[in-house]
Amino acid sequence: MVYCMQYYYTTRFLYVRLMHVMSQIFPRGNHLTVILMIALSAVGCGGGGSGSVSSEPASTAMPVQNNPAPSEASVTFTRINDSGLSRPYSTAEKRNDTTPFLSGGLAAADVDKNGFIDLIVVGGNSQPNHFYSNEEGVFSESGTQLGIDLTNWGSGPAFGDIDGDGDLDLFIGAIEDDPVYLFENREGVFVDITTSAGIVLTAENTMSGTFYDYDRDGFLDLFLTHWDVGRYPGQDTETVWRNNGDLTFTNTSIETGIAANLIEGTTDWTFTPNFSDIDGDGDGDLLMTSDYGESQIYRNNDDGTFTRITNRDVIVDQNGMGAAVGDYDNDGDMDWFVTSIHNLELTGEQDDIARTLFGNRLYRNDGNGTFSDISNGTGIANGGWGWGACTADFDNDGLLDIFHVNGWIDSALGDFTADRVRFYHAVGNAEFREKSAVVGLDDTGQGRGLACFDMERDGDIDIVISNNSDEHLILYRNDSENQNHYLSLRVIGPGANSNGIGSHIAVTMPNGSRQVREMGGINNYVSHNPYEVHFGLSDQTQADVTITWTDGVVSMQTVQVDQQVTITHPSKE
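Values in this document were obtained by computation on a predicted structure and should not be read as measured data.

Conventions used here
- Residues numbered from 1 in each chain as written.
- Predicted model: local features only at pLDDT ≥ 70, side-chain atom pairs only at ≥ 80, totals over all residues.
- Heavy atoms only, no water.
- Pairing = 2+ DSSP bridges.
- Helix = DSSP H or I, 4+ residues; strand = E, 2+ residues; numbered from the N terminus.
- Axes fitted to C-alpha atoms, helices over the stretch in contact; angles between N-to-C directions.
- Phe/Tyr/Trp six-rings, centres within 6.5 Å; stacked < 30°, edge-to-face > 60°.
- Buried < 20%, exposed > 50% of the residue type's maximum accessible area, 1.4 Å probe, protein only.
- Salt bridge = Lys/Arg side-chain N within 4 Å of Asp/Glu carboxyl O.
- Polar contact = N/O pair within 3.5 Å; in protein donor to acceptor, adjacent residues only side chain to side chain.
- Disulfide = S-S within 2.5 Å.
- Contact = heavy atoms within 4.5 Å.
- Core = buried A, V, L, I, M, F, W, Y, C linked by side-chain atoms within 4.5 Å.
- Domains from an automatic or database assignment.

Colleague: Account for the pairing of strand E13 (residues 240–243), with residues named and values stated.
Modeller: Here strand E11 (residues 221–224) runs beside E13; their pairing, made up of 2 bridges, is antiparallel. Opposite Leu222, over in E13, you have Trp241 as the bridge partner. Counting the residues that bridge the hairpin from E13 to strand E14 (residues 249–251) gives 5 residues, and of these Gly245 lies at a positive phi of roughly 85°.

Written out as structure tokens, the structure reads:
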């Protein structure tokens, strides 16, 4: 079935996506049938190509999409002080060193498979890593029993099933020349296999890790970021680590083409690696958020290599740090939100400010993997000194909202020592209203990492913050009250990709509205969310779920709402 473009994909995106899927199903001789199907669909639904790319953010118009009406229901968060998240934090011995204040973070996943999301928290080097098991919304620390209670300058942990045995293994980065770790999960105990896995780094800082199968061989590869590491253009950046399928990894940063132009100067400023199929051809492209104006976009060539397609007239974030990838305009393709620094209100003639910085950016996917900067006028620019970000439909009204943490120690760019977190509530058509004070999100700590997930399985998304300050771990429970419905999905993927990372998931409601998500490949900044996707469905009570798996197989299933559903790849049913 081919859906109307205005409800699903833009025309170009749908064409590429369907050609990829159909090539897995039909022999070459039947491709004409596919082309005719797409042509008829475009005529019947009224076109809809991509918009033009603008070098001026304010001049890029936002086309009106078929979005649901903005929710009138209230969004309310309650800070929970007795959740069991009690790890202390200190960087007292490093007060004159910048890097420790950048690092740390957490990762969220259902490690023990009890249906509830657990957490690992790292960083600070005054306390060991903590692992918090979640039992119906109450956390208890068990890092010692699991073998991960190491004390170091840990940063950017990431879970992923690297050997296809169905459980989650763990990577932990590090700064200040401390060692990084790769742990294999052996029946619930984590065993250090870093040396035997072949992961050897010369970079003194490894900020974040993201697992993703970039070459589609069925095994999760590892992408790393290394902020403030001296390199010359073309030098090995130690960014890409290909999984060989035998619990070993090979550095392929040069072979993949990433190292050739990831760095534009003499320093690696990378922070946050995200993957998304931005052009709809079935493979994951790399969205790399980097400091000092060096964020990059790499198109996956589907042959084990990447091509940089960054348009520097569009990708203009001045200090890219965190990111949140999602379909903010509900047009069927993934857009890219990047946190940065905003100090325009501090740059009057009387103020002694070193640089003028225009803040967060929102890049709209125009349907074929090219982006437009639509930031101005969307309400997301002024985020203070932004760091980790996540996107979720916090009130289940069918629109993706954005949350991010912020803060910095003394700076010539302005005072960000006690700046409130930001909550951008979606009002439709990729426009937002900042409502942190209204909804109860009042934290003013030195936020870096965060995770957004349904803590107690009540159908709404809660927030955990990792601060690099005295109040280290902050939990906000979502207590929003409305009549909106939701659907949560997990998948069991093909082969060794047990969590289906890279799968494309769409839901279609009886009223014709559609939403899309991608499984995994997400990094918020030194942190990541669990391997599940959440849809807010407003007043709809049923959904048709379509999953395009990483091997091109398509599954369809009709489900009732207000539950979590696990869908299995046909090869494993």
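Colleague: Could you give an account of the sheet that holds strand E26 (residues 422–428), naming the residues involved and the relevant values?
Modeller: Overall, antiparallel pairing links the 4 strands, which are arranged E24-E25-E26-E27 in an open sheet. For this open sheet the edge positions go to strand E24 (386–392) and strand E27 (431–434), each flanked by a neighbour on one side alone. Each neighbouring strand pair of the sheet contributes to a mean axis angle of 25°, computed without reference to strand direction. Examined bridge by bridge, E26 and E27 share 4 bridges and lie antiparallel to one another. Counterpart to Ala426 in the pairing with E27 is Phe432.

Colleague: Pulling in residues and values, what's your account of the packing of aromatic side chains?
Modeller: Taken as a whole, this structure holds 22 aromatic pairs when the rule is applied. Residues Tyr181 and Phe183 carry aromatic rings whose centres are separated by 5.6 Å and whose planes lie at 15° to one another, so their mutual orientation is stacked. Neither residue differs from the other here; Tyr181 and Phe183 are each classed as buried. What links up through ring pairs into an aromatic cluster is the set Trp227, Trp269, Phe271, Tyr292, Trp385, Trp387, Trp408, Phe416 and Tyr525.

Colleague: I'd like a rundown of the pattern of salt bridges, residues and numbers included.
Modeller: One pass over the structure, following the stated rule, counts 14 salt bridges. In this structure, the salt-bridge partner of Asp302 is Arg216, at a minimum N-O distance of 2.8 Å. One end of the pair, Asp302, is in the loop between strand E18 (296–300) and strand E19 (306–308); the other, Arg216, is in the loop between strand E10 (209–212) and E11, and 86 residues separate them in sequence. Judged by its relative accessible area of 38%, Asp302 falls in the partly exposed class. As a salt-bridge pair, Asp366 and Arg364 come within 2.9 Å of each other at their nearest N and O atoms.

Colleague: So what about the side chain of Asp373? Which residues, and what values?
Modeller: Mapped onto the elements, Asp373 comes out in strand E23 (residues 371–373). Residue classification places Asp373 among the buried residues on the basis of a relative accessible area of 1%. Only 2.5 Å separates the side chain of Asp373 from the side chain of Ser375, close enough to count as a polar contact.

Colleague: How would you summarise the sheet that holds strand E7 (residues 169–174) if you had to cite specific residues and measurements?
Modeller: Judged by pairing direction, the sheet is antiparallel, and its 4 strands sit side by side in the order E6-E7-E8-E9 without closing on themselves. The strands lining the two open edges of the sheet, one partner per strand, are strand E6 (154–160) and strand E9 (189–192). Pairwise comparison of adjacent strand axes, ignoring direction, gives a mean angle of 25° for this sheet. In the sheet, E7 pairs with strand E8 (residues 181–186) via 3 bridges, with the strands oriented antiparallel. Paired with Phe171 across the two strands is Leu182, which belongs to E8.

Colleague: Report on the state of the cysteines, specifying residues and quantitative values.
Modeller: Scanning the entire structure with this criterion turns up 1 disulfide. Covalent S-S linkage joins Cys390 and Cys452, the inter-sulfur distance amounting to 1.9 Å. Between Cys390 and Cys452, the S-S torsion sits near -70°, and that sign places the bridge as left-handed. Residue Cys390 is located in strand E24, and its partner Cys452 is located in strand E28 (residues 447–453); the two are separated by 62 residues in the primary sequence. With respect to class, Cys390 is no different from Cys452; both count as buried.

Colleague: Tell me about the side chain of Asn529, residues and numbers included.
Modeller: Within the secondary structure, Asn529 sits in the loop between strand E34 (527–528) and strand E35 (533–538). In contact with Asn529, other than residues within four places in its own chain, are Ala108, Cys390, Leu450, Ala451, Cys452 and Asn524.

Colleague: Got a sec to walk through the environment of Asn301? Specific residues and values, please.
Modeller: Tracing the chain through its elements places Asn301 in the loop between E18 and E19. Separated by 86 residues in sequence, Asn301 and Asp215 have C-alpha atoms that sit 9.2 Å apart. Contact partners of Asn301, with chain neighbours within four places excluded, come to Asp283, Phe306 and Thr307.

Colleague: Go over the nonpolar core, please, and point to the residues and values.
Modeller: One finds Phe159 and Leu489 to be the most contacted residues of the largest nonpolar core, which totals 62 residues. A total of 4 residues in this core trace back to one element, the largest contributor, which is E7. Inspection of this core shows a minimum of three residues originating in each of domain 1 (77–89 + 98–478) and domain 2 (487–568). Core analysis: the next-biggest nonpolar cluster, separate from the first, contains 36 residues, Trp153, Met207, Trp269 and Met321 among them.

Colleague: Describe the environment of Thr566, naming the residues involved and giving the relevant values.
Modeller: Relative to the helices and strands, Thr566 is located in strand E38 (residues 564–568). You can call Thr566 partly exposed: its relative accessible area is 46%. In this structure the C-alpha to C-alpha distance between Thr566 and Arg490, which are 76 residues apart in sequence, comes to 4.6 Å. Beyond its immediate sequence surroundings of up to four residues, Thr566 is in contact with Arg490 and Ile492.

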